[in-house]
Amino acid sequence: MSSALCLAATLAALTAGAAAPAPRPAEVQAAIQRAQHNALELMVEGNRWNFPSYIGTHYVSQYSLMLRWLGRTETRLDLAVLRQRLFEEQLPDGSWYAIPDRNLRSGELSASVWNYWALKAMGESLDSPRMSRAREFILSRGGLEKVNAFTRIFLAMFGNGRWDFLPEIPYLLFNVNLPFSLDSFAQWVGPHLMPIAYLRAMEPSRELGPQFQLDELIFDPKARERLAEYRREHRRRVPDAGELDLIRFTLGRQQPMGSIGAYAVSTILSIAAFDDFARFRPAMAPRLRAAMDKGFSFIEQGHFGSGDGNYHGVVDDGHYWDTALVGIGLQDSGVPLAKLKPAVDYLVRNQSSNGGFAFGNDFWYAPDTDDTAEILLFLRPHASDPKVERAGRLALRWLEQMQNSDHGWGAFSKDNEGNWLLKSAASGLADSADLFDESSPDVVGHILEAFGAWGQTRLNSKTVRRAIDYLKQTQQPNGTWWARWGINYVYGTEAAVVGLVRVGEDPNQPYLRRALDWIERHQNPDGGFGETSASYDHPELAGFGMSTPSQTAWALIALVEGGRGRSPVAARAAAWLESSIRAEGRWVDHSCVGTGHPGIIYMVYPSYPYAWPLSALARWARANELVTAQR
């Protein structure tokens with residue numbers, strides 16, 4: 001039996017349990033009030049929300065090792081805390097999840113290598129049961145030879161891998177005057193590619209002692225011999241004018257909060273490049289050290305200054321997104337607009353000059369369409385304020401300008417689909433990141449919902465009609481839509497259905513009925529909805545997974561907006577949401593629902609269970625005339 005089919009066979013046990021009957025009005029009202037209280041008490045300084053998203057503890061393990069590589073002793077990292085966290089998160093087979101997907105039995109290879117490596121560097125005995133199980137898992141998956149390219153970069157920096165196993169990055173990509181340059185990749189690629197290009201060219205390798213070597217994780221004994229020979233023969237280059245230009249280019253892209261491109265990993269890679277270059281060019285050392293200190297401050301704030309996100313691998317800031325989503329949930333549930341006006345004003349003050357809105361701090365240089373759409377939805381009820389109305393119109397115009405040639409939208413860029421030259425130049429990194437920023441149905445659905453809220457529909461907007469055509473063309477035969485930024489078909493289908501209905505599409509059309517029928521068929525026995533990240537690699541698992549508040553909310557919102565809010569399926573989903581917040585006191589996604597790079601990296605968004613379920617339950621209650629909107 002294939003692993004995918006084996007997984008499908010086990011999901012029923014994770015979703016077992018009888019669905020509760022439709023909740024009573026008093027129970028619904030109590031659940032909504034509890035969710036409102038939970039969100040409002042976490043408001044920051046009365047005008048925003050910040051729930052740092054994260055991508056895995058193994059990124060903290062990575063950072064702990066890089067601190068040693070860089071000789072950095074000034075840090076907020078507590079190795080005892082990290083060690084305990086790794087012990088708690090290790091799975092019975094010795095592996096670690098990158099991000100918890102409780103539908104999966106085993107963890108991920110590269111994440112397991114990082115955590116094993118960090119524990120070994122902390123002095124954990126290789127003969128301990130934990131380390132033995134981890135080593136057995138890693139070797140059963142092919143050992144270091146099978147980790148992704150991104151991990152191989154760091155292995156080479158410690159002498160645990162060969163630099164010549166990684167692709168060289170042509171320096172021509174950093175000439176922004178050429179038609180095919182760094183900015184032709186997705187927004188998130190460039191900040192990482194700059195330091196990777198330097199490190200690959202210079203091939204720095206620092207052997208810090210046996211506790212940092214991982215020869216026991218190499219599967220093929222002959223590969224160990226070849227690596228030992230490579231270590232003996234490896235020689236360093238001296239940087240020339242090309243490396244100087246690249247370092248200057250990277251320095252020029254440091255953002256106000258200290259990051260290189262808004263990401264912690266691109267920042268630590270850049271710090272490594274700066275540290276290496278400073279050894280050859282002492283005259284530049286003060287400037288490089290200042291940039292490094294600023295970069296360390298950004299990383300440490302994410303890893304160790306993020307509250308509940310501490311030691312989970314927070315690598316960027318997304319509090320504008322959090323503020324919009326939580327604000328929408330509160331507005332949908334009847335919180336007076338005046339109470340939320342400070343958050344609206346805060347976002348308007350931080351609108352980018354081109355009209356778009358960014359994800360959060362240090363993303364100001366790169367506003368994105370998805371954030372802009374959700375912020376527009378949050379702003380709309382406040383448009384009687386001329387400043388808000390003006391900000392909304394500017395954002396709408398920017399979104400119109402960002403529509404791709406295929407009539408969809410990517411996140412950050414327009415028509416960012418790559419070409420043979422770019423794909424060839426970065427092909428060796430394709431197993432570590434999505435390299436381009438193509439249109440995706442989930443983003444298109446959110447943008448259509450925003451357009452509809454601001455009065456642009458299929459009847460009066462050519463942009464909207466084109467986007468409708470895009471969604472019709474990208475719908476799967478079973479009625480679903482794939483999603484780029486959330487897991488997966490549940491998220492994409494909800495976004496598409498809601499967006500289409502809000503711009504005037506009739507939910508009784510056959511193509512939308514197929515989508516809603518698919519959602520109804522995938523309700524779990526307990527009344528909730530869920531989906532595993534494995535559905536990206538195994539589409540037959542679409543809509544299968546343990547119930548989570550966010551995924552249940554997405555399904556329920558689609559049913560309500562699609563005219564099925566009074567159906568038994570919707571009632572059972574509402575009952576699941578009500579019973580789960582009553583049982584735990586708040587909604588928590590116990591399995592990951594966010595996507596960083598499909599099939600590669602997944603993300604936990606702690607704001608989601610504070611926002612989406614509140615909106616869903618409130619919309620369902622209004623559709624069933626259980627509560628009335630308050631303003």
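Residues numbered from 1 in each chain as written. Predicted model: local features only at pLDDT ≥ 70, side-chain atom pairs only at ≥ 80, totals over all residues. Heavy atoms only, no water.

(A) The arrangement of the overall build of the chain in detail. Tallying secondary structure elements over the chain gives 24 helices and two strands in all. Relative to its length of 631 residues, the chain is compact, with a C-alpha radius of gyration of 25 Å against a globular reference of 25 Å. Once the C-alpha set of the chain is aligned to its principal axes, its extents read approximately 75 × 55 × 45 Å. For the chain, long-range pairs separated by at least 24 residues make up 75% of all intrachain contacts whose partners lie at least 6 apart in sequence. Surface accessibility of the chain: about 23700 Å² in total, with carbon and sulfur atoms responsible for 52%. Separation of charge centres in the chain, based on 63 positive and 70 negative side chains, amounts to 2 Å. (Helix = DSSP H or I, 4+ residues; strand = E, 2+ residues; numbered from the N terminus. Rg over C-alpha atoms; globule rule 2.2 N^0.38 Å. Contact = heavy atoms within 4.5 Å. Areas by Shrake-Rupley, 256 points an atom, 1.4 Å probe, with all protein chains shown as cover. Lys, Arg positive; Asp, Glu negative; His and termini not counted. Charge placed at Lys NZ, Arg CZ, Asp CG, Glu CD.)

(B) Just the confidence of the model for the chain, in detail. With 96% of its residues at a pLDDT of 70 or more, the chain has an overall mean of 93. Taken as a whole, residues 1–6 scores under 50 in pLDDT and shows six contacts with residues more than four places along the chain or in a different chain. (pLDDT = per-residue confidence, 0-100.)

(C) Focus on helix α9 (residues 221–233). For α9, built from 13 residues, the straight-helix expectation of 18 Å at 1.5 Å per residue is met to within 8% by its first-to-last C-alpha distance of 19 Å. Residues Ala223, Leu227, Tyr230 and Arg231 constitute the buried set of α9. One side of α9 carries all its buried residues, which in axial view fall inside an arc of 100°. What points out from α9, more than 90 degrees from its buried face, is the exposed set Lys222, Glu225, Arg232 and Glu233. You can read the cap of α9 off the contacts: a side-chain oxygen lies 3.0 Å from the backbone nitrogen of Lys222, and it is on Asp220. (Expected span 1.5 Å × (residues − 1). Buried < 20%, exposed > 50% of the residue type's maximum accessible area, 1.4 Å probe, protein only. Arc of directions from axis to C-beta. Polar contact = N/O pair within 3.5 Å; in protein donor to acceptor, adjacent residues only side chain to side chain.)

(D) Here's a closer look at the nonpolar core. With 201 residues, the main nonpolar core has Met157, Leu448 and Trp620 as its most contacted residues. Filtering out sequence-adjacent residues up to four positions away, Leu448 remains in contact with Val464, Ala467, Ile468, Leu471, Gly499, Leu500 and Val503. Judged by nonpolar contacts, the second largest core, of eight residues, contains Tyr54, Ile99, Tyr602 and Val604. (Core = buried A, V, L, I, M, F, W, Y, C linked by side-chain atoms within 4.5 Å.)

(E) Structural detail: the packing of helix α14 (residues 337–349) against helix α15 (residues 369–379). Across the interface, α14 lies against α15 with an axial gap of 10 Å and an inter-helix angle of 140°. With respect to α15, the axis of α14 lies oblique. When the axes of α14 and α15 are compared, the crossing they make is left-handed. When α14 is examined against α15, the residues Leu340, Ala343, Val344, Leu347 and Val348 are found in contact with a partner set consisting of Ile375, Phe378 and Leu379. Class assignment of the residues belonging to the contact of α14 with α15 gives a composition of eight nonpolar, no polar and no charged. (Axes fitted to C-alpha atoms, helices over the stretch in contact; angles between N-to-C directions. Parallel < 35°, antiparallel > 145°, perpendicular 65-115°, else oblique. Left-handed = near helix turned anticlockwise from the far one by under 90°. Nonpolar A, V, L, I, M, F, W, Y, C, P; charged D, E, K, R; others polar.)

(F) Helix α6 (residues 129–140), seen in detail. Compared with the 16 Å implied by 1.5 Å per residue over 12 residues, the 16 Å span of α6 between its first and last C-alpha is a close match. Burial in α6 covers these residues: Met131, Ser132, Ala134, Arg135, Phe137 and Ile138. Where the residues of α6 are buried, they touch α5 (109–121). Positive backbone phi, approximately 105°, marks Gly142, located one or two places after α6.

(G) The layout of surface pockets, seen in detail. Each pocket or cavity is described by its volume, and for the second largest pocket that value is around 1100 Å³. Lining the second largest pocket are 42 residues, and of these Tyr54, Asp308, His312, Val604 and Pro606 sit closest to its centre. Among the secondary structure elements, those contributing two or more residues to the lining of the second largest pocket are α4 (79–89) and α24 (608–623). Tallied by class, the residues present in the lining of the second largest pocket amount to 20 nonpolar, 14 polar and eight charged. (1 Å grid on protein atoms, 1.4 Å probe; cavity = no way out; pocket = protein on both sides within 12 Å on 5 of 7 lines; lining within 4 Å. Points joined across faces, edges and corners; volume = space filled by probe spheres on them.)

(H) Inspection of the environment of Leu614 at higher detail. Among the secondary structure elements, Leu614 is positioned in helix α24. Given a relative accessible area of 0%, Leu614 falls into the buried group. Not counting residues within four places of it along the chain, the set of residues in contact with Leu614 comprises Ile32, Ala35, Gln36, Gly329, Leu330, Ser333 and Trp587.

(I) Seen up close, unusual backbone geometry. Look at Ala262: it is not a glycine, yet its phi comes out positive at around 90°. One can find Ala262 in the loop between α10 (241–252) and α11 (264–280). Since its relative accessible area comes to 0%, Ala262 is described here as buried. A positive phi angle, near 80°, is found at His407, a position not held by glycine. Turning to its location among the elements, His407 is positioned in the loop between α16 (386–401) and α17 (420–425).

(J) Here's a closer look at the pattern of salt bridges. Applying the stated rule across the entire model yields 29 salt bridges. A salt bridge links Arg231 to Asp215; the shortest N-O distance between them is 2.9 Å. Of this pair, Arg231 sits in helix α9 while Asp215 is found in the loop between α8 (190–202) and α9, placing the two residues 16 residues apart along the sequence. Of the charged contacts, one joins Arg484 and Asp434 as a salt bridge, the two residues approaching to 3.1 Å between their closest N and O atoms. Pair noted here: Arg484 is in the loop between α19 (462–474) and α20 (489–502) and Asp434 is in the loop between α17 and α18 (441–453), with a separation of 50 residues, a long-range link. Its relative accessible area of 5% is what places Arg484 among the buried residues. Take Asp434: its relative accessible area is 19%, and that puts it in the buried class. (Salt bridge = Lys/Arg side-chain N within 4 Å of Asp/Glu carboxyl O.)

(K) Fine view of a nonpolar patch on the surface. Taken together, the side chains of Phe180, Trp420 and Leu421 make up a nonpolar region of the molecular surface, amounting to roughly 370 Å² of accessible area. Position of Leu421 relative to the elements: it lies in helix α17. (Patch = residues over 30% accessible without salt bridge, like charges linked within 9 Å, V, L, I, M, F, W, Y side chains within 5 Å.)

(L) Geometry of the environment of Ser432. With respect to the secondary-structure elements, Ser432 resides in the loop between α17 and α18. For Ser432, a relative accessible area of 9% gives the class buried. Ignoring anything within four residues of it in the chain, the contact list for Ser432 reads Asn148, Ala149, Phe150, Ile600 and Ile601.

(M) Fine view of empty space enclosed by the protein. In total, this model carries three cavities of 30 Å³ or more according to the counting rule given. Here the largest cavity is characterised by a volume of approximately 40 Å³. Together, Tyr59, Gln62, Tyr63, Ala264, Val265, Ile268, Ile299, His303 and Val315 line the largest cavity. Secondary structure elements with two or more residues in the lining of the largest cavity: α3 (58–70), α11 and α12 (285–304). Here the residues of the lining of the largest cavity are counted per class, giving seven nonpolar, two polar and no charged.

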